[in-house]
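Spelled out from the first residue to the last, the chains are:
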Amino acid sequence: MAHGETQIQELLGRADLLPYGPESRAVLDEALALALEAGNQELEYAVRLRLVADAEMAGHTDAVLSNFAWCAARNDEDPQRFPTQIEGNDLLWFYKWIPATLAANPRFARADVIQALDAMEARYRREGVGVHGVLQARFSEAYRSGHPEEAERWRQALLTTPEDDYSHCEACSRSEQVDYLLGRGQNEEALAFFDEIMSQNLSCGEEPETVMSTVLVPLLRAERLEDAERAHRLAYRLVRNNPALMPSIAKHIEFCAITGNYARALRLLERHLPWLAHDELDAEAHFSTLLSVATALELVDAAGHGGLTVHGSDDRRLIPVLGEHEGPYTVREFAAAARAAAEALGRAFDERDGSEAHHDRLEEGSLRAASTVALPLGETEAPLELGGATEPEATDVAGWIDAAVWAGVAEDEEAVDAAIAHGLLASPTPRERLSLWGLRAAMREDAARSEAVAQRAQAYRELGLQEEAQFESEYGTLVAGVLDEADVATLQSLLPRLESFELRARVNLELALFFLSNGDPGQAMGHFLEGAEEADKSGEQELLRRCVIGAAWAVPLDEENGELQTRLLDMAEEAGPRANQIYDVLYLRSVEAVAILGDPERALRLSREATDLVLRHRAGAPLVQISRFRTDLFTELGRHGEAAATLELLGDALVQLGRAPEASFMIGRGRSLLRAGQVQAALEVLGDATMVARDAERPNPAEQAAADHWYGEAAEAAEYFGTALEVWARALETGERALAEAPGEEVSRAAALEGTQAGRSLVMLAGRAEHGDDVAAYGPRAVALARRLRDTEHGLLPLTLQAVGRAMVQVGDEAGLELLQEAEDLGRADGAAWFSADALDARGRALLGLGRVDEALPALLRAADEYGEAGDPQNAALAEYAVARVLGDLERPDEALSVFESALGRVEDTPGDLRNGVAGAYGDLLEEQGRTADAERVRGLIS
């Protein structure tokens, strides 16, 4: 075999291992180029045949038609050189796609579509294969083009024609029936076919996700709300990465709007906006997508959000679909443009087909919009509306100063300049000019900064403050920038020589900020307090506010300093905080409420005010800070749904502020959703997190491992065990690789921690499933990684040893007992009484599973006593219950009764399943021993 041919075959093999999409297309294009270069038509035929399938599944109509036509022509010329089938790619099967591909664009006449169907039938008969697939294609074309009588005739022919190798699969044929029956208004019959697909686990290349997307609204109408939500969650995850399935994605957008989840509808639309223009030849897909999107956005508009911006809608790729438009669309404008584009396409199709099928679908869309069904999806329902940083609350100079400050916090230099310019035009006092030019100096460098400093010096002179003017001229440029060690030394040497209270306050403030930002809150605290004292003497309220609030940031939050923190915040409020100082006080009051007052509800109320404030001013950094505070607090309170909602709001806001989605926030949100029991929602968010982490411009192995770790946890909770094992293995590998490449870096150790935890989960699942190969393959790797982290992650190794040891014994590997013993020994060495009891319990149960009863029973009894000493009577009772049952089976009733009595005594005052189980088994044994009265007494504890 020549080198070029070998290379082509290798590329084809690679393509077969890839999902349909850009990557596989690039590999096939490379193979085609090599075949053309070699002039080898047989290989070119094989590559083009494979390209037909790839293009069909990825939604590239032009590639489907061009490659199919070339292959069909070669096959006509010489069927021996160019056979209909090559390694699973079947030209006859591909014939099924051509009529539908032509029908999807009104530029092809219906006569062309019928001619393609005739050609398909002729080819099938010539090749001696059945015509069931042809009848299916004729039926599909007839009902989709709006010819119901013709469609019913072909449908009846289908029912009387035996299926063959070219029939639709079970999933696709039922999905086609669902489409047909829904179009006829026979929703109940359509849903019956859908239920068959789901109950029989039927699947194909794009099923069941396509039909699940199709029946979302019919399920709502049938009041099957739980089924509708499940279909939405599962199907969207399956379709969201395939632009060829944009019509299905659009159905999910419409579903969200119909169910009142307007924020989610907008989020999904904005995520997939560029795909509206995918595959310019597939006009049918565009029509379906535009109709669903128009319906969705009309509902969002009707709910009062029509003026919101559709972010990303100024993408030039949308022009062929929606037409020219200046800047991004509002919701209302986008809805109108999508509706108009859908109507234009609908008219073209109906004119081509001689029917009103597409007109009827447009009318159905309007009917769907008129009938909504409330179905909260556990997320924020209303879309987020951010304020504008350039909108001050007043029109005076002070208002413009506040606007400039907020714009600086929002890192919007253009808005800062605009606010400063407005302020300077509003006849500011010299003191106000000091503030305005100070802001300009802080935002600019070089000549612009020097000019601002000169203006400040002039303002000081107008106020008659010569020392301040001289200081500004000499050191204004220095303090306007970021200080370094040399700058600090200069200011420290100046401080004793300054006579002005204002200057002493200002220099102390700058020194305090330097020390605070460089991790020395003690030194910072001293300078803040000294600065506050000097500012108070000078009468300059702004300096006083900044020093007092700075001190509140620096003060340690322990009981000894709680009174000081409260006093500082009281002083800050008395001084009348402005602009972002209002946020500082709200945030610090929130922290005070938790750390000092022990009042989490007050903290949540104040932090909500802080959140609203920074949202109004589009301030990203403080929004991240306050959102993390609220998330941690909600998590600590066990309110995981609210923690997830907080991170959802943060993610939406950051996207609107032009920041790319951040994997860390998505992981946190997914973890909170999982803890809240919203498993399907968690799967979606964590699945997105894995992609964001992998595709990051600067990949972070800790985020990659964490995303995979938690995606695996969600997959296991959803009983997608294969997915869980796969992503956990990937997380473990990421952690191993990170630690090997950069062992000293914190991010590598964080990745290794996540990888170890994922490996532990993997081995535990494999042990329960008795997958010995997985336990043997991954268990030692998880333990090895945990050993390398032992110095910094105290407790990780014992937990990992326990999990892996238990899993090894579950698959019959007695070497796991050694790991369980090591885990127990580590627990005892660390003084971890409960854990050492738990490890001993695990070892006892492992011995029991291995049939080593004489060793198991003493271990379990000892574990019970240690659980009890550690304050855990429930697990103590469970250990004794296990012993008692074994003793009973061994016909040692007296010993069993004694242990049962001890177990029941531990939980006698705790009603529940455990007490019921112990009392039931204990009572049964008492009755067997003829102690009926005692049995009745014990059973009386069963509730």
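Just so we're clear, the structure is a prediction, and the values are computed from it rather than from any experiment.

J.: Before we move on, could you go through the overall build of the chain and cite the residues and values that matter?
T.: Helix and strand counts for the chain stand at 48 helices and two strands. When the accessible area of the chain is evaluated, it comes to approximately 41,600 Å², of which 49% is carbon and sulfur surface. Across the chain, the mean location of the 88 positive side-chain charges is 1 Å away from that of the 166 negative side-chain charges.

J.: Could you give me a rundown of the packing of aromatic side chains, with the residues and numbers involved?
T.: Following the criterion strictly, the structure yields 17 aromatic pairs and no others. Between the aromatic rings of Phe 68 and Tyr 95, the centroid separation amounts to 4.8 Å while the plane-to-plane angle is 90 degrees, which identifies the pairing as edge-to-face. Here Tyr 95 lies in helix 5 (residues 91–95) and Phe 68 lies in helix 4 (residues 61–77), a separation of 27 residues in the sequence. Tyr 95 gets classed as buried once you look at its relative accessible area, which sits at 8%.

J.: Describe in detail the domain arrangement of the chain, supporting the description with residues and values.
T.: Split into domains, the chain comes out as domain 1 (242–375), domain 2 (395–481), domain 3 (482–577) and domain 4 (579–659). Look at where the C-alpha atoms of domain 1 and domain 4 centre, and you get two points 35 Å apart.

J.: Give a description of the environment of Arg 675 that names residues and reports values.
T.: Looking at where Arg 675 falls in the secondary structure, it is placed in helix 35 (residues 663–675). Sequence separation between Arg 675 and Thr 6 is 669 residues; the distance between their C-alpha atoms is 52 Å.

J.: An account of the packing of helix 42 (residues 816–829) against helix 43 (residues 833–849) is needed here, citing residue identities and associated values.
T.: Between helix 42 and helix 43, whose axes approach to 8 Å, the crossing angle comes to 165 degrees. Between helix 42 and helix 43, the crossing angle belongs to the class labelled roughly antiparallel. Considering how the two elements wind past one another, helix 42 and helix 43 form a crossing that is left-handed. Note on element contacts: helix 43 touches helix 42 through Phe 835, Ser 836, Ala 839, Leu 840, Ala 842, Arg 843, Ala 846 and Leu 847, opposite Leu 817, Leu 820, Gln 821, Ala 823, Glu 824, Gly 827 and Arg 828. Considered class by class, the residues forming the contact of helix 42 with helix 43 number nine nonpolar, three polar and three charged.

J.: How would you sum up the pattern of salt bridges? Please name residues and give values.
T.: What the rule picks out here adds up to 74 salt bridges. The shortest N-O distance in the salt bridge between Arg 126 and Asp 76 comes to 3.2 Å. With Arg 126 in helix 7 (residues 110–127) and Asp 76 in helix 4, this pair connects stretches of sequence that are 50 residues apart. Classification of Arg 126 as exposed rests on a relative accessible area of 55%. By relative accessible area, which is 45% here, Asp 76 ends up partly exposed. Here Glu 542 and Arg 545 are joined by a salt bridge, their closest N and O atoms 2.6 Å apart. Linking Glu 542 with Arg 545, this pair stays in helix 29 (residues 541–554), spanning three residues, or about one helical turn. Residue Glu 542 is classed as partly exposed on the basis of its relative accessible area, which comes to 36%. Members of the salt-bridge network, linked through shared partners, are Asp 195, Arg 224, Glu 226, Asp 227 and Arg 230.

J.: Please give an account of the packing of helix 27 (residues 501–517) against helix 28 (residues 521–538) that cites residues and values.
T.: At a minimum axis distance of 7 Å, the contact between helix 27 and helix 28 shows a crossing angle of 160 degrees. Our classification of the angle between helix 27 and helix 28 gives roughly antiparallel. Seen from above, helix 27 lies across helix 28 with left-handed handedness. Counting all contacts with helix 27, which are made through Phe 501, Glu 502, Arg 504, Ala 505, Asn 508, Leu 509, Leu 511, Ala 512, Leu 513, Phe 515 and Leu 516, the residues of helix 28 involved are Pro 521, Gln 523, Ala 524, His 527, Phe 528, Glu 530, Gly 531, Glu 534, Ala 535, Lys 537 and Ser 538.

J.: Outline the state of the cysteines, listing residues and values.
T.: One pass over the structure, following the stated rule, counts zero disulfides. Cys 204 takes part in no disulfide bond, and the closest cysteine sulfur, belonging to Cys 169, lies 3.6 Å away. According to the relative accessible area criterion, Cys 204 is partly exposed, its value standing at 37%.

J.: Talk me through unusual backbone geometry; I want residue IDs and the actual numbers.
T.: Across residues other than glycine, the phi torsion is negative in most instances, and most of the peptide bonds are trans. Of the consecutive residues Glu 207 and Pro 208, the connecting peptide bond is found in the cis state with omega at 10 degrees. Position of Pro 208 relative to the elements: it lies in the loop between helix 11 (187–199) and helix 12 (209–214). The phi angle at Arg 618 is positive, at roughly 55 degrees, despite the residue not being glycine. Relative to the assigned elements, Arg 618 resides in the loop between helix 32 (600–616) and helix 33 (620–636). On the basis of relative accessible area, Arg 618 is assigned to the partly exposed category, the value being 27%. Backbone geometry places Glu 891, a non-glycine residue, at a positive phi of 60 degrees. Using a relative accessible area of 69% as the deciding quantity, one classes Glu 891 as exposed.

J.: Provide a residue-level description of helix 27, including the pertinent values.
T.: The first and last C-alpha atoms of helix 27 sit 24 Å apart over 17 residues, in line with the 24 Å expected at 1.5 Å per residue. For helix 27, the N-terminal cap is Ser 500; the gap from its side-chain oxygen to the backbone nitrogen of Glu 502 is 3.2 Å.

J.: If you had to explain a negative patch on the surface to someone new, which residues and values would you point to?
T.: A surface patch of like charges, here negative, comprises Glu 343, Glu 356, Asp 360, Glu 363 and Glu 364. The element best represented in the negative patch is helix 20 (residues 357–369), accounting for three residues. Structurally, Glu 363 is set in helix 20. Judged by relative accessible area, which is 43%, Glu 363 ranks as partly exposed.

What counts and how
Within each chain, residue numbers correspond to sequence positions counted from 1 in written order. Note on the predicted model: pLDDT of at least 70 is required for a residue's local features to be given, and 80 or more for side-chain atom pairs to be given and counted; whole-chain, interface and lining totals, by contrast, use all residues. Note that water and hydrogens are dropped before the side-chain values are worked out from all heavy atoms of the structure. A run of H or I in DSSP becomes a helix once it reaches four residues, and a run of E becomes a strand once it reaches two; helices and strands are each numbered from the N terminus. The Shrake-Rupley method, run with a 1.4 Å probe sphere, supplies the accessible areas, and residue values consider only the shown protein chains as cover. His is not counted here, nor are the chain ends, while Lys and Arg score as positive and Asp and Glu score as negative. To locate a charge, the coordinates of NZ of Lys, CZ of Arg, CG of Asp or CD of Glu are taken. The rule is short: rings of Phe, Tyr and Trp, with Trp giving its six-membered ring, pair when the centres are within 6.5 Å, and they are stacked under 30 degrees, edge-to-face over 60, tilted in between. The rule is simple: take the accessible area with a 1.4 Å probe, protein chains only, and divide by the maximum for that residue type; under 20% is buried, over 50% is exposed, in between is partly exposed. Each domain's extent was defined by an automatic or database domain assignment. For helices, the axis comes from a line fit to the C-alpha atoms of the stretch in contact; other axes are also lines fit to C-alpha atoms, and the angle between any two N-to-C directions lies between 0 and 180 degrees. Our angle categories are set so that under 35 degrees counts as roughly parallel, over 145 as roughly antiparallel, 65 to 115 as roughly perpendicular, and the remainder as oblique. Note on convention: near helix rotated counterclockwise from far helix by under a right angle means a left-handed crossing. Clockwise means right-handed. Contacts were defined at the residue level, with two residues in contact if any of their heavy atoms lie within 4.5 Å. We call Asp, Glu, Lys and Arg charged. Ala, Val, Leu, Ile, Met, Phe, Trp, Tyr, Cys and Pro are nonpolar, and the rest, Gly among them, are polar. Here, a salt bridge means any side-chain nitrogen of Lys or Arg that lies within 4 Å of a carboxyl oxygen of Asp or Glu. The definition used for a disulfide is geometric: two cysteine sulfur atoms within 2.5 Å. Given a helix with a known number of residues, its expected span is that number minus one, times 1.5 Å. Counting of polar contacts relies on pairs of N or O atoms within 3.5 Å, with two restrictions inside protein: one atom must be capable of donating a hydrogen and the other of accepting it, and residues adjacent in sequence are counted only when both atoms are side-chain atoms. Patch rule: a residue counts if its relative accessible area is over 30% and it has no salt bridge; like charges are joined within 9 Å, and nonpolar side chains (Val, Leu, Ile, Met, Phe, Trp, Tyr) within 5 Å.

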